[in-house]
Amino acid sequence: MRVNAILMREKVKVLQLVDRYAELTVISTVRDRRLVEHELLARGREHEKWRKEHLRGELEKIRSDQLFESSFSRRKSKSGSSAAVAGVPGIGKTTMVQKIVYDWATGKIYQQFQFVFRFKFRDLNTINCTINLWNLVVCFYPYLRDVLKKLWENPERLLFIFDGLDEFKDRIDFADSRRDTGTQHMCTDPEFRCKVSDIVCSLIQHKLLPGCSVLVTTRPTALQLLEKAEISVWAEILGFVGEERKEYFHRFFEDQTVAEAVFKHVEENEILYTMSYNPSYCCILGLTLGPFFTKKQRDQQRVPKTITQLYSYYIYNILKNHSREIESRRDVLLSKYNLQPSQFLSGFLMELLEKEDCARSVVYTFPHLTIQEFLAALAQVLTTVTGDITKCLTEAHSTTDGRFEVFLRFVAGLSSPGSARGLEEFLGPFPIQTTCQVIDWVREMIKYHIGNTGREAGERSLLNTLHYLFEAQNRGLAQATLGPVEALSFRGLRLTPIDCAVLSHVIGYCDVINHLDLWNCHIGCEGLQRLGPGLYKFQELSLGNNDLGDSGVKLVSAALRDPECQIQKLRLGNVGLTVSGADGLASALSTRRSMTELDLCYNKLGDSGVKLVSEALRESECKIQRLGLKCVGLTDSGVEAVFPLSAQTAE
């Protein structure tokens, strides 16, 4: 395994795969073939909860050594088996393929195969002429030249692996190939010359070397290409679940004390934890956070807490350790000159050799999308002509598919001196006027969207601008924009725990906010835990129709007990509260004389739960005006227990 070593002068660090590989969770299905690419916005603790729940249910885990077992096959075929493994960028598809080949070569799995041929579609792109299977294999495995014809005699002993279908330049059309019409031609003879795409298609469809097995990996964006192919087993890599994340960091660091400290920091930070389901993100986290927890550089005050701070330090390390031979780091980083092979490139760009006709050239690609997005944001801040950046940000923010959201968060984050300070050492000072324009833009966006909620699109836009505010880490800006706000509503908008963490952060700047409406926001106990520290500040708190359960209501009860609690109206309808959680809520209510409205409708309280609550309200001598108890399992005796409160109180 080759790892870009951004903390040392060597270009790459070579490690034994078996020492570094951490197991991934793979399921024997593909959930949504139209999955949004930007996993950084869509994953995290909420997604991990989803995975845990479904892995106990209808989604079956599948090990990498089971991809060609008949028990997982949807299509039974005597002509051979084809498996497709999907996963978002950086999730570990290529590394898993490496591990499969390693385990096969060491005799641990798939001993039914005598030979395994592994091809990357990225490499196949360099072949622009017609070719036959014999030449294709010899091109990558020249030492098999004299035995291939013998191998074709027993195709059931062969496994072909094609990695990265989404990177293939040529088109494969399985719909036409099944009818033997159209542009895709069937290849049935290993000696027949045709396009590479025809060979790949024919192997997957078992027209070429019937009986052989084929494994294809791809990002979800290219899954539609395989929908009509003869795929026996579908699988999706979900990434690291639970303890698998911890295992990764303990394998990443030789010093287990550092590994434990880094993982603890990641686990406690919702932003960073969201990233750590993905091995590619974990690598960036390990490379960036490691130095902060070593004995030589123990500076935990400056440990990155936002994604902008994380990537700023990541690039800072590259500039510090790999660019001594470059006169103008700024010009090279911003690609003003032609790039040349250099140690400087190894951390944020990968060199690829491409072949067009007879010419071969070096091209570059980013190891992960977020590095590209960070550098795009950095270039925007450093090079934009005065006045243009406001127009650029507004156009990016106006898109409805969210493709620029992480880019915008990076731009906002780079307006923070804390994020820019290290980079300025190598890139020079960030233009003050540009930084001021970014801050002004964030201010105007927040003011605009606060006045335009009420619809899901408006609430989503407001939430996005709060993420910009969080990345900016600008207390003055936050107080100026949110200080006068009296109400925040995200009613009906699905919020992830990371959204709740951002809300908790910005709520701390709101001086006069009275009303927070999170009805039907799917926040759950995890999200509420992130909001917990600021809940006591509101006079009216709406948390209905969220799956909080007794443990979530316990967090609300803690807010009610706070001496500075201002809550007067509390809506907890349909939150999964039972009689077990009613005792803690009742105890907290007994201290709240200011309570005027309490909604507990559609909870399983029963007579005993309602009795606990009503007695607590009487003890507090509160001026309760409305008590919602619809559909809580009351009987006649329970109604009698509530009635003495007030003839006009209970519903």
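Residues numbered from 1 in each chain as written. Predicted model: local features only at pLDDT ≥ 70, side-chain atom pairs only at ≥ 80, totals over all residues. Heavy atoms only, no water.

1. Some thoughts on the overall build of the protein chain
Here is step 1 of the chain: Along the protein chain, the regular secondary structure elements total 28 helices and 16 strands.
Here is step 2 of the chain: Counting all 651 residues of the protein chain, 54% fall into the buried class.
Here is step 3 of the chain: Put simply, 75% of the contacts in the protein chain that link residues at least 6 apart link residues at least 24 apart.
Here is step 4 of the chain: Split by element, the accessible area of the protein chain, about 29,000 Å² in all, is 48% carbon and sulfur. (Helix = DSSP H or I, 4+ residues; strand = E, 2+ residues; numbered from the N terminus. Buried < 20%, exposed > 50% of the residue type's maximum accessible area, 1.4 Å probe, protein only. Contact = heavy atoms within 4.5 Å. Areas by Shrake-Rupley, 256 points an atom, 1.4 Å probe, with all protein chains shown as cover.)

2. Looking at the packing of aromatic side chains
Here is step 1 of the chain: Scanning the model with the defined rule gives 25 aromatic pairs in all.
Here is step 2 of the chain: Measuring from ring centre to ring centre gives 5.7 Å for Y110 and F113, while their planes differ by 55°; the resulting arrangement is tilted.
Here is step 3 of the chain: For Y110, a relative accessible area of 6% translates into the label buried.
Here is step 4 of the chain: Relative to F162, the ring of F121 lies with its centre 5.8 Å away and its plane at 35°, an arrangement referred to as tilted. You can see F121 sitting in helix 5 (residues 121-124) and its partner F162 sitting in strand 6 (residues 158-163), a full 41 residues away along the chain.
Here is step 5 of the chain: For F121, a relative accessible area of 1% translates into the label buried.
Here is step 6 of the chain: Three or more aromatic residues joined by ring pairs make a cluster, and in this case those are F115, F117, F119, F121, F140, Y141, Y143, F160, F162 and F168.
Here is step 7 of the chain: In this structure, R245 is placed above the aromatic ring of Y273, and the distance from its NZ or CZ to the ring centre is 4.2 Å. (Phe/Tyr/Trp six-rings, centres within 6.5 Å; stacked < 30°, edge-to-face > 60°. Lys NZ or Arg CZ within 6 Å of the ring centre and 35° of its normal.)

3. Some points on unusual backbone geometry
Here is step 1 of the chain: The phi torsion at Y110 lies on the positive side, around 50°, for a residue other than glycine.
Here is step 2 of the chain: Residue position: Y110 is located in the loop between helix 4 (93-105) and strand 5 (115-120).
Here is step 3 of the chain: With phi around 50°, Q473 is a residue other than glycine that occupies positive phi space.

4. Quick look at the pairing of strand 6
Here is step 1 of the chain: The buried fraction of strand 6 is high, at 6 of 6 residues.
Here is step 2 of the chain: Across the two faces of strand 6 the burial is the same, with L158, F160 and F162 and L159, I161 and D163 all buried.
Here is step 3 of the chain: For strand 5 and strand 6, the ladder comprises 6 bridges, and the chain directions are parallel. Looking at strand 6, one finds that K120 is bridged to D163. (Pairing = 2+ DSSP bridges.)

5. A short note on the packing of helix 20 (residues 432-450) against helix 22 (residues 475-482)
Here is step 1 of the chain: Axis separation between helix 20 and helix 22 bottoms out at 10 Å; the angle between their running directions is 25°. With respect to each other, helix 20 and helix 22 are oriented roughly parallel. Crossing angle aside, the handedness with which helix 20 passes helix 22 is right-handed. Counted together, I439, V442, R443, I446 and I450 of helix 20 and L477, T481 and L482 of helix 22 form the full contact between these two elements.
Here is step 2 of the chain: Tallied by class, the residues present in the contact of helix 20 with helix 22 amount to 6 nonpolar, 1 polar and 1 charged. (Axes fitted to C-alpha atoms, helices over the stretch in contact; angles between N-to-C directions. Parallel < 35°, antiparallel > 145°, perpendicular 65-115°, else oblique. Left-handed = near helix turned anticlockwise from the far one by under 90°. Nonpolar A, V, L, I, M, F, W, Y, C, P; charged D, E, K, R; others polar.)

6. A closer look at the nonpolar core
Here is step 1 of the chain: Within the largest apolar cluster, 149 residues are counted, with the highest numbers of intra-cluster contacts made by L67, L423, F490, L495, L518, I523 and L572.
Here is step 2 of the chain: Residue contributions to this core peak at 9 residues, all from helix 14 (residues 307-322).
Here is step 3 of the chain: Not counting chain neighbours up to four residues away, the residues in contact with L518 comprise F490, L495, L503, I523, L531, S542, L543, G544 and N546.
Here is step 4 of the chain: Counting 44 residues, the second largest nonpolar core, distinct from the first, contains L133, F162, I204 and L208. (Core = buried A, V, L, I, M, F, W, Y, C linked by side-chain atoms within 4.5 Å.)

7. What about the sheet that holds strand 11 (residues 487-489)?
Here is step 1 of the chain: Taken together, the 6 strands give an open sheet; going across it, the order is 11-12-13-14-15-16, and neighbouring strands pair in parallel fashion. Each edge of the sheet is formed by a strand with only one pairing partner; in this case those strands are strand 11 and strand 16 (626-628). On average, each strand axis in the sheet is tilted by 5° relative to the strand beside it, whichever way the strands run.

8. Details of the confidence of the model for the protein chain
Here is step 1 of the chain: Confidence along the protein chain averages 83 in pLDDT terms, with 81% of residues attaining 70 or more.
Here is step 2 of the chain: Ranking the elements of the protein chain by mean pLDDT puts helix 2 (residues 39-42) last, at 52, and strand 6 first, at 97.
Here is step 3 of the chain: Per-residue pLDDT stays below 50 along residues 33-37; that stretch engages in 13 contacts with residues further than four places along the chain or on separate chains. (pLDDT = per-residue confidence, 0-100.)

9. Considerations on helix 22
Here is step 1 of the chain: For helix 22, every residue scored as buried is listed here: L477, A478, T481 and L482. What you see down the axis of helix 22 is that its buried residues fit within an arc of 100°, all on one side.
Here is step 2 of the chain: Those residues of helix 22 hidden inside the fold are in contact with helix 20, helix 21 (456-472) and helix 23 (497-507).
Here is step 3 of the chain: Where helix 22 begins, the side chain of N474 points an oxygen toward the backbone nitrogen of G476, at a separation of 3.2 Å. (Arc of directions from axis to C-beta. Polar contact = N/O pair within 3.5 Å; in protein donor to acceptor, adjacent residues only side chain to side chain.)

10. Digging into the pairing of strand 7 (residues 213-218)
Here is step 1 of the chain: Strand 7 sits mainly inside the fold: 6 of its 6 residues count as buried.
Here is step 2 of the chain: Burial along strand 7 is two-sided: S213, L215 and T217 and V214, V216 and T218, pointing in opposite directions, are all buried.
Here is step 3 of the chain: With 5 bridges joining them, strand 6 and strand 7 adopt parallel strand pairing. Counterpart to F160 in the pairing with strand 7 is V214.

11. Focus on helix 26 (residues 579-589)
Here is step 1 of the chain: Of the positions making up helix 26, those classed as buried are G581, A582, L585, A586, A588 and L589. Relative to the axis of helix 26, the buried residues are bounded by an arc of 155° and lie together on one face.
Here is step 2 of the chain: Those residues of helix 26 that are buried lie in contact with helix 25 (549-561), strand 15 (597-599) and helix 27 (606-619).

12. Some words on the sheet that holds strand 3 (residues 25-27)
Here is step 1 of the chain: In space, the 6 strands of this open sheet follow the order 3-8-4-7-6-5, with mixed pairing throughout. In this open sheet, the two strands that pair with only one neighbour each are strand 3 and strand 5. Each neighbouring strand pair of the sheet contributes to a mean axis angle of 20°, computed without reference to strand direction.
Here is step 2 of the chain: Two elements, strand 3 and strand 8 (residues 233-239), share 3 bridges in a ladder whose sense is antiparallel. Looking at the pairing, V26 lines up with I237 of strand 8.
Here is step 3 of the chain: Strands in contact with helix 4 are strand 3, strand 4 (81-86), strand 5, strand 6, strand 7 and strand 8; relative to strand 5, the strand with the most contacts, it is inclined by about 160°.

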